[in-house]
Amino acid sequence: MLSNEARALIDREVAKYPAEHKRSAVMGALRIAQTEHRWLSEELVAEVADYLQMAPVAVYEVASFYNMYDLKPVGRYKLTVCTNLPCALSGGVTAAEYLKQKLGIGFGETTADGKFTLVEGECMGACGSAPVMLVNNHKMCASMTPDEIDKKLGELE
């Protein structure tokens, strides 16, 4: 399942830690696996576990704890909107509602064409730039007014 390129990237993550702490690379390895496959199936989690010489349940515990890991298929673009209190007070809930209306889906749902999945997120550490949206766990978008949301969705089409 993991390509040779993904394995090489995981090896780079592993090299950051002493040999006896190889398992410390689990988060990076899961990120690499998810980037390659867009989500983490049970088989993929088990392969990461085998590669890192860990129990599959230990890797699953990490993958299921953090909301950046997807344990079921998601759209090509995963949009995570922060609705924690500081963002909510600065328009996060309004941005989320606008996205729900615009995409015709709720939190945890994917558009019929498989393009967008909408997720409610926890604090992203960017309260001063609220409301914020994270695209595919990598690209932070700040001050997401309806106009900015429309602009971003247009870029992702």
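### Some points on the overall build of the protein
So, point 1. Each helix and strand counted, the protein has seven helices and five strands in total.
So, point 2. Listing each helix as α and each strand as β along the protein from the N terminus yields α-α-α-α-β-α-α-β-β-β-β-α.
So, point 3. In terms of overall dimensions, the protein has C-alpha extents of about 50 × 35 × 25 Å along its principal axes.
So, point 4. Here the protein holds 157 residues, and the buried ones make up 44% of them.
So, point 5. For the protein, the proportion of contacts with a sequence separation of at least 24, taken over those separated by at least 6, is 60%.
So, point 6. For the protein, the distance from the average site of its 16 positive side-chain charges to the average site of its 21 negative ones is 4 Å.

### Describing the packing of helix α2 (residues 26–37) against helix α4 (residues 56–65)
So, point 1. Two elements in contact, α2 and α4, have axes whose closest approach is 10 Å; the angle formed by their N-to-C orientations is 70°. Relative to α4, α2 is oriented roughly perpendicular. Facing V26, M27 and L30 of α2, the residues of α4 in contact are V59, V62 and A63.

### Here we look at the pattern of salt bridges
So, point 1. On inspection of all chains with the given rule, the structure shows seven salt bridges.
So, point 2. In this structure, E97 engages K100 in a salt bridge whose closest nitrogen and oxygen atoms are separated by 3.2 Å. Here the residue E97 and the residue K100 both occupy positions in helix α6 (residues 92–103), the gap between them amounting to three residues, near one helical turn.
So, point 3. For E97, a relative accessible area of 42% translates into the label partly exposed.
So, point 4. A salt bridge links K152 to E155; the shortest N-O distance between them is 2.9 Å. One end of the pair, K152, and the other, E155, are both in helix α7 (residues 146–156), three residues apart, so they sit about a helical turn from each other.
So, point 5. For K152, a relative accessible area of 13% translates into the label buried.

Rules behind the numbers
- Residues numbered from 1 in each chain as written.
- Predicted model: local features only at pLDDT ≥ 70, side-chain atom pairs only at ≥ 80, totals over all residues.
- Heavy atoms only, no water.
- Helix = DSSP H or I, 4+ residues; strand = E, 2+ residues; numbered from the N terminus.
- Buried < 20%, exposed > 50% of the residue type's maximum accessible area, 1.4 Å probe, protein only.
- Contact = heavy atoms within 4.5 Å.
- Lys, Arg positive; Asp, Glu negative; His and termini not counted.
- Charge placed at Lys NZ, Arg CZ, Asp CG, Glu CD.
- Axes fitted to C-alpha atoms, helices over the stretch in contact; angles between N-to-C directions.
- Parallel < 35°, antiparallel > 145°, perpendicular 65-115°, else oblique.
- Salt bridge = Lys/Arg side-chain N within 4 Å of Asp/Glu carboxyl O.

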